[in-house]
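Chain by chain, the residues:
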Amino acid sequence: MNAFVEHHKNNIQFGYRCFDRLLLNGLIQPFQQPERVLGFFNTYREGKRVTRKTLTDIADQFQYWLKNRSEKWGAPILEPPEGDGAESRRDKFVEPYFQNAKPNQVVAILKAREPARILVAIGDKGNDSPHLEYKQRWVNQFNFYLNDPHWGRMFVRMCPYFPFSARVCLNQHHWLAIRMREEGIDFQQCTNAFLQCGNPARLQELADSLSTQDLLKCGQKWLAAFTPFISDKERKHAGCQHRLFFAQVEYCDNLIFHRRAAVEELTQRLLDLNRNIGQPKKITTIFGRKVTKEYKGKLQSVIEDLDLPNPVIRSHYGHGFAKQYVRDDRLLRTEPATNNVYDYGVNKDVENLPQLRDRMSEIIDNYHNVQQDVLETFIDRGQLRKLAEPTILPNGRRIPGLKLDHPRQLAVMHSLVRFANIAAGGKFTTADLYAPALDALGMTESQYSLASLRYDLSKLRAKSLVEKVPHSRRYRLAGKGYSICVAFLKLFEKIYAPLTAGLLAPFRGDHVLAEENRCALDRLYQHVCDDLDALLRAVGLKIAA
């Protein structure tokens, strides 16, 4: 149990984690090199020449087979809905076709023009030994929406052109619903979430029991059914079956609260604090890897409204993001997702499912722990004075203490509390901190050198708030390092600085402005100033004009 869940457990009814969306690429590896394709035709197709006509005939045969199967299954071939082709929009479009669907039934087939890597024959039409190459082309592909007995609703996308690339889309919420029905567990499912569960502990056990074999058994079953060109004998002897690789993965942590008011109050605090603390205009550290000039992805954290009742905190990194939002009134969901599992240090083969689950679960824990640090604003009695005192190292070197109003120190703290360091497991180099620190100070490299940043960072190291990673040039926040940085930033930027400005240089117009016309935050600050004046009068001190 991470610190966030521990802190709020009295308000949480139950929680669970599982894969939400699993999008798998299917590739027939013997068909990924032209020379191996020629070898296949020589061995299993009586040496037939692979010409432009041969490849066209293969695609035509798939179309004939599809038309026949569509009629036999009673599954219409449909055009997708208008728009950008988002899968969620297609899911809603085909939802009526799933009513009363039987196990192993294909309910609908969507035909859509999408990019695919296909084999092309380069040469004249009459050339019986053309040059074979793989090219990226926009072609018609077919999405088979079906009801699997073990996975429920899912779809398989097939390319009718050689080498028959494919995609399989699975959702573990549907898989879990079937498992719980089999075991007689009461539950309430609302789209991709469980809002009630009679046995939450067993729900988590089932979620963690998902194995590679569960993915392979389902994926290879349907891919074999939708690739009529290849016989069972060829699959067995020539290895011509699809291998599955992770293309897109979403793993979600779901905390279901007892009351809607509790989760709303919590998320409003998180949204407000995440706007002001650790604002990552540019993220320069992605999972502990250096970002070069060639990097093309987003480098930011944003708060978005994605047509949901509540805003979404979304932190982009690498080929994916982590997002947090409230759904179905009482459910707080934290969800890392990626289009490239290499960002998590995991290989793409589905055999790596356990490692991927552990890595994404670790990211959720990091995300929760940091957010709990954001919510914690106290400093233990007496500790602030100790942090401000100089540190004497064993070698006699004197390191200055931490000051609440030191601009360079606060700039370094700003660069330490960015969401980038969550995704990086808290690891960073001084070079990673340098550019954000310069931005926070509004200085150039000539005004604030990298050596000066290292000196300022040494103050935090001396207080055991930052530590060096062994056998590495990287550092990481230690102990309550994140919380202390947040506390210093909040005390200076949200308490001392605005109150001092209001006392020493108030806006004259504020005195004649009606209180109800001033913003709530200004009114609260003014109340603090007025109460300070009242306190000074009460103790007999003269108030400065």
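Just so we're clear, the structure is a prediction, and the values are computed from it rather than from any experiment.

Cut-offs used in this document
Residues numbered from 1 in each chain as written. Predicted model: local features only at pLDDT ≥ 70, side-chain atom pairs only at ≥ 80, totals over all residues. Heavy atoms only, no water. Pairing = 2+ DSSP bridges. Helix = DSSP H or I, 4+ residues; strand = E, 2+ residues; numbered from the N terminus. Contact = heavy atoms within 4.5 Å. Axes fitted to C-alpha atoms, helices over the stretch in contact; angles between N-to-C directions. Buried < 20%, exposed > 50% of the residue type's maximum accessible area, 1.4 Å probe, protein only. Polar contact = N/O pair within 3.5 Å; in protein donor to acceptor, adjacent residues only side chain to side chain. pLDDT = per-residue confidence, 0-100. Expected span 1.5 Å × (residues − 1). Arc of directions from axis to C-beta. Core = buried A, V, L, I, M, F, W, Y, C linked by side-chain atoms within 4.5 Å. Salt bridge = Lys/Arg side-chain N within 4 Å of Asp/Glu carboxyl O. Phe/Tyr/Trp six-rings, centres within 6.5 Å; stacked < 30°, edge-to-face > 60°. Lys NZ or Arg CZ within 6 Å of the ring centre and 35° of its normal. Parallel < 35°, antiparallel > 145°, perpendicular 65-115°, else oblique. Left-handed = near helix turned anticlockwise from the far one by under 90°. Nonpolar A, V, L, I, M, F, W, Y, C, P; charged D, E, K, R; others polar.

**Overview of the sheet that holds strand β18 (residues 427-428)**
Okay, so step 1: What the three strands build is an open sheet, ordered β18-β20-β19; its pairing is antiparallel. Each having just a single partner strand, β18 and β19 (466-468) make up the two edges of the open sheet.
Okay, so step 2: Sheet analysis places β19 next to strand β20 (residues 475-477), joined by three bridges and oriented antiparallel. Note that in β20 the partner of Val466 across the bridge is Leu477.
Okay, so step 3: Contacting β19 and β20, helix α15 (residues 450-462) crosses the sheet at an angle of about 100° to β19.

**Quick word on the side chain of Asn171**
Okay, so step 1: Relative to the assigned elements, Asn171 resides in strand β6 (residues 166-171).
Okay, so step 2: A relative accessible area of 9% means that Asn171 is categorised as buried.
Okay, so step 3: At 2.8 Å, the side chain of Asn171 and the backbone nitrogen of His173 are in polar contact.

**Notes on the confidence of the model for the chain**
Close inspection of predicted coordinates is inappropriate in any region flagged by low pLDDT.
Okay, so step 1: On average, residues of the chain score 82 in pLDDT, and 79% of them reach the 70 mark or higher.
Okay, so step 2: For residues 275-291, every residue scores under 50 in pLDDT, and the model assigns this stretch 52 contacts once sequence neighbours within four places are set aside.

**Focus: helix α3 (residues 52-73)**
Because an α-helix packs 3.6 residues into every turn, residues spaced three or four apart end up facing the same way.
Okay, so step 1: Over its 22 residues, α3 extends 32 Å from the first C-alpha to the last, a length consistent with the 32 Å expected when each residue adds 1.5 Å.
Okay, so step 2: For α3, every residue scored as buried is listed here: Thr54, Leu55, Ile58, Ala59, Phe62, Trp65, Leu66 and Ser70. Down the axis of α3, the smallest arc covering the buried residues is 155°, so these residues share one side. Pointing more than 90 degrees away from the buried face of α3 are the exposed residues Lys53, Tyr64, Lys67 and Glu71.
Okay, so step 3: Looking at the buried side of α3, the elements it contacts are α2 (34-44), β2 (77-78), β3 (105-122), β4 (131-148), β5 (152-158) and α7 (212-225).

**Some thoughts on unusual backbone geometry**
Only a minority of non-glycine residues have a phi that is not negative, and only a minority of peptide bonds are not trans.
Okay, so step 1: That bond from Phe162 to Pro163 is cis: its omega, 10°, falls within 30 degrees of zero.
Okay, so step 2: If you trace the backbone, Pro163 turns up in the loop between β5 and β6.
Okay, so step 3: Phi at Asn104 is positive, roughly 65°, even though this residue is not glycine.
Okay, so step 4: Its place among the elements puts Asn104 in the loop between α4 (87-94) and β3.
Okay, so step 5: Here the phi dihedral of Ser464 falls at roughly 60°; this positive angle occurs in a residue that is not glycine.
Okay, so step 6: Accessibility expressed as a relative area gives 53% for Ser464, which makes it exposed.

**Observations regarding the nonpolar core**
Okay, so step 1: Within the largest apolar cluster, 78 residues are counted, with the highest numbers of intra-cluster contacts made by Phe144, Phe162 and Phe246.
Okay, so step 2: Each residue touching Phe144, except ones within four places of it in the same chain, is listed here: Phe62, Trp65, Leu66, Trp73, Val106, Ala108, Ile109, Met154, Phe155, Val156, Met158 and Phe226.

**What to know about the pattern of salt bridges**
When charged atoms on two side chains of opposite charge get close, those side chains can pair.
Okay, so step 1: Evaluated as defined, the whole model comprises 22 salt bridges.
Okay, so step 2: Taking the shortest distance from any N to any O, the salt bridge between Glu133 and Lys135 comes out at 3.0 Å.
Okay, so step 3: A residue is classified by how much of its surface remains accessible, and Glu133, at 26% relative accessible area, is partly exposed.
Okay, so step 4: For Lys135, a relative accessible area of 29% corresponds to the partly exposed category.

**Let's talk about the packing of aromatic side chains**
Okay, so step 1: Under the counting rule described, the total for this entry stands at 23 aromatic pairs.
Okay, so step 2: Geometrically, the ring pair formed by Phe187 and Phe194 is edge-to-face, given 5.6 Å between the ring centres and 90° between the ring planes.
Okay, so step 3: Taken together, the ring pairs in this structure connect Phe31, Phe40, Phe41, Tyr44, Phe162, Phe164 and Phe229 into an aromatic cluster.
Okay, so step 4: Arg117 extends its terminal NZ or CZ atom over the ring of Tyr134, reaching a point 4.2 Å from the ring centre.
Okay, so step 5: Between Arg179 and the ring centre of Trp175, over which it is positioned, the NZ or CZ distance is 5.0 Å.

**Things to note about the packing of helix α12 (residues 407-416) against helix α14 (residues 430-441)**
Okay, so step 1: Put simply, α12 and α14 touch, their axes get as near as 8 Å, and they point 130° apart. Looking at the two axes, α12 sits oblique to α14. α14 is crossed by α12, and the crossing has right-handed handedness. Side by side, α12 and α14 meet where Pro407, Arg408, Ala411, His414, Ser415 and Leu416 of the first sit next to Leu433, Pro436, Ala437, Ala440 and Leu441 of the second.
Okay, so step 2: Tallied by class, the residues present in the contact of α12 with α14 amount to eight nonpolar, two polar and one charged.

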